[in-house]
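# Descriptive analysis of the structure
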Amino acid sequence: MAAVRGLSLTTAALRAVGPWARGSRLLAASRGPQARREASSSSPEAGEGQIHLTASCVQRLLEITEGSEFLRLEVEGGGCSGFQYKFSLDTVINPDDRVFEQGGARVVVDSDSLAFVKGAQVDFSQELIRSSFQVLNNPQAQQGCSCGSSFSIKL
């Protein structure tokens, strides 16, 4: 599995330096200062335990994914607040994964990570200094650090 994820990251890295193919394809797990902004989803409201995709997330995923590729969202220990978000392109769906699809774009979250992000939104933000996927309005997060890529959970 690690080899597949490593391959996905390598693929994403290659795409990031090859903008002539289909535009810039930079994936980053950091959130910018607009992380608190209200993001809208073009899908009907999903129930608890769901991940909501914003329109900008769907649009960007349709631009950067090919074939069976999807965006994988993971939560790892680390960062200055205890947990951090990790995004990567992947092609393998594992038995414990949940698939969230909207408008042909897919975000996959493993069951362990889902406990930390259920009810959150995945957005794609373009700012002057970076473009990145980010997690917004995470009801499981108590607070985040100033860099926006790590968070602490509600107990």
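- The name given to the chain in an unreviewed UniProt entry is Iron-sulfur cluster assembly 2 homolog, mitochondrial, with Zalophus californianus as the source organism.
- Its UniProt record gives the chain the following Subunit (unreviewed entry) comment, quoted word for word: "Heterotetramer; forms a dimer of dimers with IBA57. Interacts with [2Fe-2S]-ISCA2 forming the heterodimer [2Fe- 2S]-ISCA2-IBA57 complex; [2Fe-2S] cluster binding is absolutely required to promote the complex formation."
- Within the UniProt record for the chain, the comment given under Function (unreviewed entry) is "Involved in the maturation of mitochondrial 4Fe-4S proteins functioning late in the iron-sulfur cluster assembly pathway. May be involved in the binding of an intermediate of Fe/S cluster assembly."

## A closer look at the overall build of the chain
- Of regular secondary structure, the chain possesses three helices and nine strands.
- By residue count, 45% of the 155 residues in the chain fall in the buried class.
- Contacts spanning at least 24 positions in sequence make up 62% of the contacts within the chain whose residues lie at least 6 apart.
- Summing over all exposed atoms, the chain offers an accessible surface of approximately 7,700 Å²; the carbon and sulfur share of this is 54%.

## Topic: the pairing of strand β2 (residues 70-77)
- Most of β2 sits inside the fold, with six of its eight residues counted as buried.
- Relative to strand β3 (residues 83-90), β2 runs antiparallel, the two sharing eight bridges. From the neighbouring strand, Leu 71 faces β3, where its bridge partner is Leu 89.
- Counted along the chain from β2 to the antiparallel partner β3, the turn is five residues long, and its residue Gly 78 has a positive phi close to 140°.
- As defined by bridge partners, β2 adjoins strand β5 (residues 105-110) across three bridges and the pair is classed as parallel. Counterpart to Leu 73 in the pairing with β5 is Val 109.

## Side note on the pairing of strand β4 (residues 97-102)
- Pairing of β4 with β5, which is carried by six bridges, proceeds in the antiparallel orientation. The residue bridging Phe 100 from the neighbouring strand is Val 107, located in β5.
- Between β4 and the antiparallel strand that follows it, β5, lie two residues; Gly 103 among them carries a positive phi value of about 55°.

## Overview of the packing of aromatic side chains
- Under the counting rule described, the total for this entry stands at five aromatic pairs.
- Judged by centre distance (4.8 Å) and plane angle (35°), the rings of Phe 83 and Phe 116 are tilted. Taken together, the residues span a long stretch of sequence, with Phe 83 in strand β3 and Phe 116 in helix α3 (residues 111-117) at a distance of 33 residues.
- The partly exposed category is assigned to Phe 116, whose relative accessible area is 22%.
- An aromatic cluster is defined as three or more aromatic residues linked by ring pairs; in this entry it consists of Phe 83, Tyr 85, Phe 116 and Phe 151.

## Topic: the pattern of salt bridges
- For the structure on display, the rule yields five salt bridges.
- Of the charged contacts in the structure, one is a salt bridge between Arg 72 and Asp 90, with a shortest N-O distance of 2.7 Å. Taken together, the residues span a long stretch of sequence, with Arg 72 in strand β2 and Asp 90 in strand β3 at a distance of 18 residues.
- Given a relative accessible area of 0%, Arg 72 falls into the buried group.
- Here Arg 72 and Asp 97 are joined by a salt bridge, their closest N and O atoms 2.8 Å apart.

## A short note on the sheet that holds strand β7 (residues 131-136)
- The strand order across the open sheet formed by three strands is β1-β6-β7, and the pairing between neighbours is mixed. Whereas interior strands pair on both sides, the edge strands pair on one side only; in this sheet they are β1 (52-53) and β7.
- With two bridges connecting them, β1 and strand β6 (residues 121-126) associate as parallel partners. Residue pairing in the sheet places His 52 in a bridge with Gln 121 of β6.

Here is what the cut-offs are and how they apply
- Residues numbered from 1 in each chain as written.
- Predicted model: local features only at pLDDT ≥ 70, side-chain atom pairs only at ≥ 80, totals over all residues.
- Heavy atoms only, no water.
- UniProt positions renumbered as here; feature names shortened; annotations may be inferred.
- Helix = DSSP H or I, 4+ residues; strand = E, 2+ residues; numbered from the N terminus.
- Buried < 20%, exposed > 50% of the residue type's maximum accessible area, 1.4 Å probe, protein only.
- Contact = heavy atoms within 4.5 Å.
- Areas by Shrake-Rupley, 256 points an atom, 1.4 Å probe, with all protein chains shown as cover.
- Pairing = 2+ DSSP bridges.
- Phe/Tyr/Trp six-rings, centres within 6.5 Å; stacked < 30°, edge-to-face > 60°.
- Salt bridge = Lys/Arg side-chain N within 4 Å of Asp/Glu carboxyl O.

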